[in-house]
Structures are given as structure tokens and as C-alpha cells.
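So the chains spell out like this:
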Amino acid sequence: MDAQREKTSASEPPLPSGERDGVRAGAALDRLPVRLAALIRQRFALPPSPPRGEGRAPRHFRKLKIATGALAVSAIAATTALALYARSLPPLDLSAAADRSTVVLDREGKLLRPFLTADGRWKLPVTSEDVDPRYLAMLKAFEDKRFDQHHGIDPLGMLRAAGQMLLNGRVVSGGSTLTMQVARLLEPREERTLAAKLRQGVRAVELEQRFDKARILDLYLTLAPFGGNLEGVRAASFAYFGKEPKRLSTAEAALLVALPQSPETRRPDRFVEAARRARERVLERVEQAGLATRDEVAAARNEPIPTARRPFPNLSPHIAEQAVAEAPSERVQKLSLDARWQAALEGLARERSLGLAPQVSIAILTVDNETGEIRASVGGVDYFATERAGALDLTRALRSPGSALKPFIYALAFDNGIAHPETMLEDRPARYGIYIPENFDMTFQGMVSARKALQLSLNVPAVELLSALGPQRFLSRLRDAGVAIAMPRDSGAPGLAVGLGGLGITLQDLTRAYVGLARGGEMLPLRFRQQATQTGPAPRLVDPVAAWYVADTLLGAPPPLNAVPGRIAYKTGTSYGYRDAWAAGFDRKHTIGVWVGRADNGAVPGLVGRTVAAPILFDAFARLGIDPRPFPQPADAIVASTGHLPPPLRHLRQDVPKTVTAMTTPALRLAFPPDGARIDLSAAALDGYGRLNLKAAGGSPPYTWLVDGTPVTEPQRRRETQWQPPGKGFMRISVIDATGASESVSVRLQ
């Protein structure tokens, strides 16, 4: 008969698994009457009746036959009724298990941010592989120690529960298996009646027929209530302990085992003592089962109960929201971000904001140069800070870049053969129609190389290069490379001011442009999802030589205070009116962009890129790690001093001789009056007023004349001028040129 039963079982097709609508519970029980009758006939088979005349069976044996038959009929009837009841149940609905919180994960699967379900619950996806094995062992020992052996219903557990109820006059334990609890969670009902228990048992058998033990355990870990709007052990672990359930202490695991039995009356954030008593009962069972030593249990008893819920992770909330908005049906969103880097840079932004006004925010963006993947994105200092408009993603806000676009003026000038890093440029007052550019510090350096002009962020040489390149050409090249540029409304044709911040750009687009420089002029789109590397041709901003010229130049830019020079290539920017402070830099591996300012575009006195944004940039690289390898030099790059350059590249202006001698500026000298001279003003009197001729030689115009430390003339480009002294006597006359050089003489006027 056993062989026949095994054959019958083997010939039956297996039930499908994973279907949402379920199967009817009767399918698992409708064959029980036939099997039970066969089993009874085999177990209680009677010998054949003796032939007539050989005697009759004793009376008590006939009673046994009647009782056995009655028992068999009762069992068959009960089983038939159970099968009919099972067939009357609707298909098992697994939608409760499928309804989970959307979670956003980093590149390694670490949780960045979960979202509430539509009905306001925290229900994070979890499997038994995501949970501490000790917790699973403790759960089985306390709730269902024969979970791995029974088929949904534990007869011994049911008998134990019935005996305890008879002895104590009340329900001590329900006798429910973990599978029955899963059935109750899938079909929640308030009543605790025999009919409800019967339904759970039928559903438990159905679940066991349909799923393996691992899947049933996963359902419990996902559906178990833990108080309030917490469902599932993963959500509870984050809420009460602030961590994944992968590694739990003995006390933590015991508390999580105890809570689902009465989640509302044992909530540790409301009923601490009730939670402690429940944990104590679990620890006693754990010690009896040998899952922990006496010392471990004693230490667990002394561990405090968490008295408040902790916030769920909220790393990179802006990118997380964008990802969910783009694919709302995906319950698991895996991004290219690095949770460790994200936490480090968000902490950096909070630290740096302490020294700023309450309305000032900070945005930071980190990009992998090889793939264009965003590794960290800080959209603001505090997502919940209303005074800083924390809910806005400021990496996507249009702002004036100030001088942050200057490297691209130089890159395009190098790329078009207009200049070389050692080409000499003029940093002196200049006028372009009605536009008169000025340097940030209101001084001039005279003749400087393009390298030095970019490192010092001089405005006048940059405008001179942009004038030679053409503003429209400059903007077109940026846009063709994929950099989004916004021009002011009704601005007409772009002018030279675009080189000094007269346009709008986001931190994302600015950082992407710097990634292009780090990649030798090749541009990549930024993305926050892990995707296959782009296979098609990438747009190119400049050729590798021009990109290397700029990278090598920016590598020598003077760093902020207390920073090590020559580690990263970087540039800063400050917008007009001190509204935006920028810093962007790169090494071989990564590019980081930093923006500091107000979300409402308000002015912030003293907000300068070099003193505010640059220290944040260098600190960000220090926290993430700097690649010390130098940028690879292209084979056709020209590395030479100014004098060894081809003549057309020695000086930008075409009307200046292309010789080093011609470009050398003589030292400033006060040519007249000579030092120690006695001058008779009456000899130069005109209309009765004596005038003194002043003359300078060498130096860089414009010149400013001073007498006894007081300016007596406006800055002027002419080397000669006249001054009318107020009287006679000893006087000290000085002249200062555009570079700050000065010369003084002492004379006596008589």
C-alpha cells in the first residue's frame, strides 16, 4: 500500500508556485477521504469470518468492529466536510505580500531611502538571507520549533495548546504555526474563534503545498506587525535600532521575536516595561534551547530597550525622488550612488553650513570620470529645513557661474590655435565698446602668460581671449557638447560678459563640463542609474591637447589656506553681487562640483568662491580620496617657454612684435623731477601760476601720481602730466603703475 501511495503521489502534477491569484484550498484536501479510508482498512483489517460450524467471534470483538467502523465513518465524514469547506474558500490572495514600500538602493544594494506604501506603512522588502541567522533560530524556537518538519499544522502543538487551556481555564498559547500566522496575516480577521482557526489551518496546508519553507518564512518576515505602521522585521530593525537586521545582538533579536505576538501593547516606544517582559520570556526560551549561553542571556537582559523610533535612512532624497518619479512602478530602484560617499558629503555640507547664514545652502555633486555616473549628490544642507528650501534640488538650479567657465574659454582658444598656456596676454584697462571689464581685486598685472592669467582668474585677459574667439562661437561649442546654457531674456546677441558669468548654468551641467576636461575633451551624459557604458560616439568639446593644457594649468592654481597644492585641478567662481560661490575640480578618477548660495538667489556679503566653496571642494576630495597620478600628457602637446613658442603664439595681439624683447616691460622709473632737485616754479609760471612737469619711464600704464602720499591725479595712460603745487617747500613725489610698482623722489620747490 505504501508503494501504491508513493506512486499515486508521484503521478500527481505539482501545484504551480508564484501565481498571485492562488489555488483553491480544496485541491489540497479533496483526495483525503479516499486516502483515509484506505489507510483505515489497512490499519484495522479484520480476519475473514470463520466457516459455518467453526464457532463465532466473541461479543466484545463484535463491539470493537462496530466502534471501529463508526470511527472510520466519522473520520471519513469529517475529512469530507473539511475538503468541502476548503473547496468553498476563495483563492488565496497574496496581494498583501506584494504591496511593499518602494526602496532606493545604492550601487552595492545599501538602502538610501525607503518610501511609505500608499496606505502609509513602512513595509520594506526582506528575505531570510537579509536577516541574522540567530534571529531566525530564536524565532523558530519561540514560535514554532517544528517548523521545518510539519506540513502547515503541528498536531503536537495543537494538543499542547488544548491541554494548557484545560489546565488553566484560559488560552495560554494558540498552537499556531508560523505558516498559520502567515495565513492569518494574508487574511486578517478580528475574531478568534474555532472557525477562524480552522480557516487558518486550511490556508496553512495550502501554503505548504504551494511554497517551500524558505518562501513561507520570507512571507512571515515581510508581513509580521511590529507596532504602529511598521510591518516586517526589516522596517522594525531600522525603526528601533537604526540598522539592517543582518547583524543583531541577542537582545535586539529577542525583542524582534517578541513584538509580533502583541505589537501594539508591546511597542517599546510606548510601553517599555511590557516590551522588556516580552523580551525576557523570549530570552528564557532561547537559553533553554541552547541558542545562547547564560552569560550572553544575562548581558542581553541588561541591554536597554529602545524608547523611541529612529528615522529611516534619507540619503540623497532629491535623486531618490527623481528616480521614483521616473519609474513609479519599480519597487526596487538601484542607483549608481555610493551610500558611504553620500553620507560623508552630506555630513560635510552640514558641518560647513554652521559657519554660514541660516538661509545659505550648499550643493555638492561627485561624478565618476570614466562612466559619467553620479556617485554622490547633495541637493541641499537639510532636506527638511524650510529656511534653506531644503526640498529643492539645488544641483539643478540655474545660477550665474561667475569665473567658473573661464577654463573653457582658454580650452577653446588653445583648441583653435589662438593661444598657448605660455602666450603672453595683457592685463591692463581695456574697453570693448561700452563694456569695460575689471579684475576682481580692481588691480592689473600687466603682461602675463595665459597660464598665470587662468590660475589667478584674471578677468581682462579672459575677455581678451573671448573677444578673439567670439562669444557666439564659445556658447555654440558648449551647447554642441551637451552643456545646457540659459541666456537672460531679451538679452539679444551674446556679448563678452558671458565669459564672466553673464548666463545661467546648473551645477550638474557645470560639473559635466569639467568631467569633459578630465576625459581629454570627450563629454559624457551624467546619469544616476547603473547602465551599460555608452557605445556610440561621444560629443567632443576640445581635443585632448587643449584639455591637457587646461588641466595642467589648473593643477597649479593656488589652493585655499591649509590645502596641499598640486593635488587637484580646480577653478572657482563668484557671481555678480555675491550671490553664488562655485568650485569645481577633478583628478584622474572623479570630478566634484560645489555651489554655495541662497535658494532664493539673494545676495550674501562676503560669499566668494575661493574662500567659501574651494575649502569645501578640497575637504570633499580629502574625504573621498584623491588619485595622485598625473594627467597623461598627449604626444603632440607643446611644452615650451614663451620665447621658444612659434612667433604667432608668443603674444595674442597681432600689432605687437612677436619677440621676447618686445614683450619685456622696463622697470618703472620717475624720469622727472630728479631726486634731490631744487626747482624754481617761477620759471615755469603760466598766467602767474607755477606748474611742475611730471614724467615717468617704463612700467605699465595707467600711472597715478602722489605728493606726500596723497593722489594728485587720476590714473592716466600718458607718461607725462603737469601738477600745480599749492605752495613752496620740501615735497616727496611718487608714481605708481598698473602692476603696483612705485618710484619716489624728494624735491624742493622754490
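Owing to the predicted nature of the structure, the values given are computational and were not obtained by experimental measurement. (Residues numbered from 1 in each chain as written. Predicted model: local features only at pLDDT ≥ 70, side-chain atom pairs only at ≥ 80, totals over all residues. Heavy atoms only, no water.)

*Asks:* I tried to follow the environment of Lys-123 on my own but got confused; where do I start?
*Replies:* Positionally, Lys-123 belongs in strand β3 (residues 122-123). On the accessibility criterion, Lys-123 (1% relative accessible area) is buried. C-alpha separation for the pair Lys-123 and Ala-97, spaced 26 residues apart in sequence, amounts to 9.4 Å. Here Asp-99 takes part through its backbone oxygen, which lies 3.3 Å from a polar atom of the side chain of Lys-123. (Helix = DSSP H or I, 4+ residues; strand = E, 2+ residues; numbered from the N terminus. Buried < 20%, exposed > 50% of the residue type's maximum accessible area, 1.4 Å probe, protein only. Polar contact = N/O pair within 3.5 Å; in protein donor to acceptor, adjacent residues only side chain to side chain.)

*Asks:* It is not clear to me how the side chain of Ser-361 should be interpreted in this structure. Could you clarify?
*Replies:* Looking at the secondary structure, you find Ser-361 in strand β6 (residues 360-368). For Ser-361, a relative accessible area of 1% gives the class buried. Here Val-381 takes part through its backbone nitrogen, which lies 3.2 Å from a polar atom of the side chain of Ser-361. When near neighbours in sequence (up to four residues on either side) are disregarded, Ser-361 contacts Gly-380, Val-381, Arg-388, Leu-394, Trp-595, Val-596 and Gly-597. (Contact = heavy atoms within 4.5 Å.)

*Asks:* So what exactly am I meant to see when it comes to the sheet that holds strand β5 (residues 332-334) here?
*Replies:* Hydrogen bonds between backbone atoms are what pair the strands of a sheet, whose relative direction is either parallel or antiparallel. Read across the sheet, three strands follow the order β2-β1-β5 without closing on themselves; strand pairing throughout is mixed. For this open sheet the edge positions go to β2 (111-114) and β5, each flanked by a neighbour on one side alone. Averaged over neighbouring strand pairs, the angle between their axes works out to 20° when direction is ignored. Sheet analysis places strand β1 (residues 103-105) next to β5, joined by three bridges and oriented parallel. Bridged to Val-104 within β5 is Gln-333. (Pairing = 2+ DSSP bridges. Axes fitted to C-alpha atoms, helices over the stretch in contact; angles between N-to-C directions.)

*Asks:* Looking at this model, I keep getting lost on the nonpolar core. Mind explaining?
*Replies:* One recurring pattern in soluble globular proteins: nonpolar side chains tend to sit buried together. Judged by nonpolar contacts, the single largest core of 75 residues is most densely connected at Phe-408, Tyr-410, Leu-465, Phe-474 and Tyr-514. Not counting chain neighbours up to four residues away, the residues in contact with Phe-474 comprise Leu-405, Phe-408, Ile-409, Leu-412, Leu-466, Leu-469 and Val-498. Core analysis: the next-biggest nonpolar cluster, separate from the first, contains 58 residues, Phe-142, Ala-183, Ala-251 and Ala-275 among them. (Core = buried A, V, L, I, M, F, W, Y, C linked by side-chain atoms within 4.5 Å.)

*Asks:* Whenever I open this one, the packing of aromatic side chains confuses me. Can you help?
*Replies:* To describe a pair of aromatic rings, one takes the distance between the centres and the angle between the planes. Here the structure, examined in full by the defined rule, presents 11 aromatic pairs. Centroid distance Trp-548 to Tyr-549: 6.0 Å. Interplanar angle 50°. Geometry classified as tilted. Overall, Trp-548 belongs to the buried group, its relative accessible area being 11%. Ring-pair connections join several aromatic residues into one group, and the members of that group are Phe-408, Tyr-514, Phe-586 and Phe-631. Positioned over the ring face of Phe-147 is Lys-213, at 4.5 Å from the centre of the ring. (Phe/Tyr/Trp six-rings, centres within 6.5 Å; stacked < 30°, edge-to-face > 60°. Lys NZ or Arg CZ within 6 Å of the ring centre and 35° of its normal.)

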